[in-house]
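Structural overview for review
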Amino acid sequence: MGIRVLPSALIDQIAAGEVVERPAAVVKELVENSLDAGATRIDLEIESGGTRLIRVTDNGSGIEPEELPLALSRHATSKIKDLADLESLTTLGFRGEALPSIGSVARMTLTSRVEREERAFSFACDGGETMAPKPAAHPVGTSVEVRDLFFNTPARRRFLRSERTEFGHLDAVVRNLALARFDVAFTLKHNRRDIVSLPKAADRAEREARVAALCGETFLDHAVWFERELEGMTLAGWVAQPTFSRAQADLQFTFVNGRFVRDKLLRHAIRHAYRDVLYQSRHPACVLFLKLDPKRVDVNAHPAKLEIRFRDARMVHDFVFRTIESVLAHPDTGAGAARRAPTDAGALARQPSSTPRAPDLLPLYQRLHAPGAAAAAAVAEPVPTRAPDGSGLDLGVALAQLGGIYVLAEADQGLVIVDMHAAHERITYEEMKAELGADGLTAQRLLVPVDLRLAEREADQVEASEAALSRLGFEIARRGIDEVRILAVPRLLADTDVEPLARDVIADLVADGGSARVEAEADALLADMACHSAVRANRRLTKDEMNALLRQMEQTPRIDQCNHGRPTWTRITLDELDRLFLRGR
Ligand code: ADP
Ligand code: MG
């Protein structure tokens, strides 16, 4: 066979292989075109998972009648004209490939009207065969109808899955697009049933209603809204508290300049921000919008434009990572992190972070605790004011200890319940991190040194890692071929059982290539160490000790969860107690 130039219909079908792998991809391309045309309302009608019919109707700018055939030609686009445009892209499309590709593997009709024309025109394309434009009836805007996808490419058709599966993919694409553009109304019908109906969302409350509709109420109940800016980049969105995590990364939505992307760098930054507060196997949930100068992003890296490249990757990564980390550490101070109004009444186990600090509870509190009331007398100590770091966390005054684990406290909004193991673990961990960051952990000499028998190779490792161990606050001397003596342990862990602690740290050192780990994975090491400290928490505390714990908690970053993502405290508001006892009904 000699070399020949391929017929253009075949070229389109080859291109279709990249752009239109399934109905969901068609929907993505068509809706993106509608958004690029400035639509504020987009209606989708789907039949049989999109294989029989996909119709997208918008109220955008429309296409000039004489340009209709052009829209269907390969490499024809109104969005860029030169390389400079490509390098500072503000539209979702730019390749001029989608319509011809779709037209080559389906029966497509384009109907469109521009403002200054009285009539609409429609233009059909049947597997690449085009017909002359005809007058039609249509309001200003465009409808694109795609029927019988892959009717002329049986090999592709065989790759389609069940109607349900295909619709599932399609639905997910619509969700991504609807999250990207709160200013656009969307409806989605499948086999004539209404599936999605989202009005425009102008303010925070309306946006949160859309997020709840698309990502679930529970996500939103545990999510904190934030918005931060740095050097021309802004990051905004909702991040879920670690107590709401997922087995899959299925609730992680990232948008860059309004485009849904699946980006490794962003994923990593998110993962890293949660590293202290989430089990390794769990995935955080978030909806994030990153905006930056289009010149700093390259979207021309993937035919479906799902992957992008950042020109200054390091900076973007650190900005995203640090922002989320700090929002998680101080959910209260997240810029503009006003709390949501409570959505349902009965949620006693609501996490503290999602509990609104409802101002209307204060009068109720004052009524119940008017001066002279018996309840007021029970509060012996003065109610503490806001925490000095400004986080505003107020865990109140300790009342009692329950079951050797829980500290009960009276705060101005009701009953606070603290899991002292979990809280203590977090406090110790954060203190150790601060010490390590400064100068290394402070060591405390043991009154009675502890001798340990180890494997010879472990003893070797101990000897070789003297500097690393000393940074961690340990002083361990070799005593023989297989024996070491522990002379000092980290001050913060001085009360813990020394032997298992030292064995774990040494095992970690051996397993992870020695002292390198102390620098590279200090956080994980410290988290393991902090775990040991929790053991000592199982004892009776005096009131003073309990109050000291509460005050310490108020000043500890990320105190809402222990190192494993379990909650450290929760609150039952007076309001909730009232409801429990049917007061005020
Ligand atoms: P691209 O989006 O990369 O430009 P497409 O093949 O998706 O390429 O579309 C080709 C052209 O058709 C677009 O550049 C645009 O001018 C026009 N077009 C497509 N869909 C619409 C629409 N819904 N409303 C207005 N114009 C449209
Ligand atoms: Mg397009």
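Everything below is about the structure printed above this text.
Residues numbered from 1 in each chain as written. Chains lettered and ligands numbered in written order. Predicted model: local features only at pLDDT ≥ 70, side-chain atom pairs only at ≥ 80, totals over all residues. Heavy atoms only, no water.

1. Topic: helix H19 (residues 522–533)
Compared with the 16 Å implied by 1.5 Å per residue over 12 residues, the 17 Å span of H19 between its first and last C-alpha is a close match. Buried within H19 are the following residues: Ala522, Leu525, Leu526, Ala527, Met529, Ala530, His532 and Ser533. (Helix = DSSP H or I, 4+ residues; strand = E, 2+ residues; numbered from the N terminus. Expected span 1.5 Å × (residues − 1). Buried < 20%, exposed > 50% of the residue type's maximum accessible area, 1.4 Å probe, protein only.)

2. Here's the deal with the sheet that holds strand E23 (residues 569–573)
Strand order in the open sheet made by the 4 strands is E17-E18-E19-E23, with antiparallel pairing throughout. For this open sheet the edge positions go to strand E17 (397–402) and E23, each flanked by a neighbour on one side alone. The average undirected angle you get between the axes of adjacent strands in this sheet is 25°. Sheet topology places strand E19 (residues 414–419) next to E23; 5 bridges connect them, and they run antiparallel. From the neighbouring strand, Ile417 faces E23, where its bridge partner is Thr570. (Pairing = 2+ DSSP bridges. Axes fitted to C-alpha atoms, helices over the stretch in contact; angles between N-to-C directions.)

3. Describing the pairing of strand E7 (residues 141–147)
In terms of burial, E7 is a largely internal element, 6 of the 7 residues being buried. Taken together, the 6 bridges between strand E2 (residues 53–58) and E7 define a ladder with antiparallel strand orientation. Note on E7: the bridge partner recorded for Leu53 is Arg147. As judged from the 7 bridges shared by strand E3 (residues 107–113) and E7, these two strands associate in the antiparallel manner.

4. Description of the pairing of strand E12 (residues 252–256)
For E12, the buried fraction is high: 5 of the 5 residues fall into the buried class. Side-chain alternation along E12 places Gln252, Thr254 and Val256 on one buried face and Phe253 and Phe255 on a second face that is also buried. In the sheet, E12 pairs with strand E14 (residues 286–291) via 5 bridges, with the strands oriented parallel. Directly across from Phe253, in E14, lies its bridge partner Val287. Bridge count between E12 and strand E13 (residues 259–261): 3 bridges; the pairing is antiparallel.

5. Remarks on the sheet that holds strand E11 (residues 233–240)
In space, the 5 strands of this open sheet follow the order E10-E11-E14-E12-E13, with mixed pairing throughout. Strands with a single pairing partner mark the edges of an open sheet, and in this sheet they are strand E10 (223–230) and E13. This sheet shows a mean twist of 20° between the axes of neighbouring strands, independent of strand direction. Inspection of the sheet shows E10 paired to E11 by 8 bridges, in the antiparallel sense. Paired with Leu230 across the strands is Met233, a residue of E11. Each of E12, E13 and E14 touches helix H7 (residues 163–180); the most contacted strand, E12, lies at about 55° to it. Together, E12, E13 and E14 form the strand contacts of helix H10 (residues 264–273), whose direction differs from that of E12 by roughly 130°. (Contact = heavy atoms within 4.5 Å.)

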